[in-house]
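Per-entry structural report
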Amino acid sequence: MRYADGPTAQGGIRVGAAPSRVWELVTDIGLPSRLSPELHRVEWLGGVVAPAVGARFAGFNRHPVAGDWRTVSQIVEFDAERVFGWAVLDADGRFGEPADDLRDRMATWRFELSPQADGTLVRQSVRIGPGRSGVSAWIERMPEREEELVARRLDELRTGIGATLAGIKALAERGPEADRPGG
């Protein structure tokens, strides 16, 4: 798989909770920073305090090879209790020219919820590219290893997706009191 192909990683999990409960969790932009091995902190931008199409938030990431960096994400899909998606931009120019245009997104993340008789099926996915990212920077250094580099990054992203989905399941099935510190 080549970077220009828009490679994807995804995962899914059945959660024994209503879609409304799961929706509360997946639209909490701070939750992945509690569950992900890479995302460490998030904050709303521009005075926004709740998710809506067009709203932006900053994500602060850490990777053992790539170091620390900030991204800016813009919500591009918001269909209550069904779909929540955001595009990740390199607004600070960490991996090239600063990118503030959705056409230059580094990645697109998405949660999709499907009601089930016994709860909710939650799917999380990411598509990397087409804009510059840490992966494209590594590919430029080692073009002969592009497929290996993309595969390695997709494996890392699948690991993060798995951790996030497992955390959502645990929190949703324990109930809203689990969201509070010490819960």
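For the structure itself, consult the block above.
One structure accompanies this document, and this report is about it. Each chain carries its own residue numbering, running from 1 in the direction its sequence is written. Per-residue local features are limited, in this predicted model, to residues with pLDDT of at least 70; the limit for side-chain atom pairs, both in listing and counting, is 80 or more; totals at the level of whole chains, interfaces and linings are taken over all residues. Side-chain numbers here rest on the full set of heavy atoms in the structure, without hydrogens or water.

Moving on to the pairing of strand S5 (residues 83–89). The element S5 is extensively covered by neighbouring structure, given that 7 of its 7 residues are classed as buried. Here S5 shows two buried faces, one formed by Val83, Gly85, Ala87 and Leu89 and the other by Phe84, Trp86 and Val88. Here, a strand pair is defined by DSSP locating no fewer than two bridges between the strands. Runs of H or I in DSSP of at least four residues are treated as helices and runs of E of at least two as strands, each being numbered from the N terminus. In this sheet, S5 lies alongside strand S4 (residues 67–79) in antiparallel orientation, the contact comprising 7 bridges. Pairing of Gln74 across the sheet is with Ala87, part of S5. Counting the residues in the hairpin turn of S4 and S5 gives 3 residues, including Glu81, whose phi is positive at 60 degrees. Examined bridge by bridge, S5 and strand S6 (residues 107–116) share 6 bridges and lie antiparallel to one another. If you follow Trp86 over to S6, its bridge partner there is Trp109. Note on classification: 1.4 Å probe, protein chains only; a residue is buried when its accessible area is under 20% of the maximum for its type, exposed when over 50%, partly exposed between these limits.

Next up on the list: the pattern of salt bridges. The salt bridge criterion pairs a side-chain nitrogen of Lys or Arg with a carboxyl oxygen of Asp or Glu, the two atoms within 4 Å. Tallied over the full model, the rule gives 18 salt bridges. The closest approach of N and O atoms between Arg132 and Glu140, which form a salt bridge, is 2.5 Å. A relative accessible area of 52% means that Glu140 is categorised as exposed. Notably, a salt bridge pairs Arg158 with Asp155, separated by 2.9 Å at the nearest N-O pair.

A word on the side chain of Ser114. Structurally, Ser114 can be placed in strand S6. With sequence-adjacent residues up to four places away left out, Ser114 is seen in contact with Gly119, Thr120, Leu121 and Arg123. Throughout, a residue-residue contact means that at least one pair of heavy atoms, one from each residue, lies within 4.5 Å.

Strand order in the open sheet made by the 7 strands is S1-S7-S6-S5-S4-S3-S2, with antiparallel pairing throughout. Strand pairing shows two members of the sheet lacking a second neighbour, strand S1 (8–15) and strand S2 (39–44), which therefore form its edges. Taking each pair of neighbouring strands and ignoring which way they run, the sheet shows an average axis angle of 20 degrees. What counts as an axis is a line fitted to C-alpha atoms, over the stretch in contact for a helix, and the angles between N-to-C directions run from 0 to 180 degrees. Its contacts with the sheet put helix H1 (residues 19–26) on S1, S4, S5, S6 and strand S7 (119–128), and the angle it makes with S6 is roughly 165 degrees. Of the strands in this sheet, S1, strand S3 (56–63), S6 and S7 touch helix H4 (residues 146–174), which is tilted by about 20 degrees from S1.

For Phe, Tyr and Trp, where Trp contributes only its six-membered ring, two rings pair if their centres lie within 6.5 Å, and the inter-plane angle classes them as stacked under 30 degrees, edge-to-face over 60, or tilted in between. Inspection of the entire model under this criterion finds 9 aromatic pairs. In this structure an aromatic cluster arises from ring pairing among Trp23, Trp44, Phe57, Phe78, Phe84, Trp86, Trp109 and Phe111. Consider the ring centre and the ring normal. A charge sits over the ring if Lys NZ or Arg CZ is within 6 Å of that centre and within 35 degrees of that normal. Taking NZ or CZ as reference, Arg141 lies 4.8 Å from the ring centre of Trp138, over its face.

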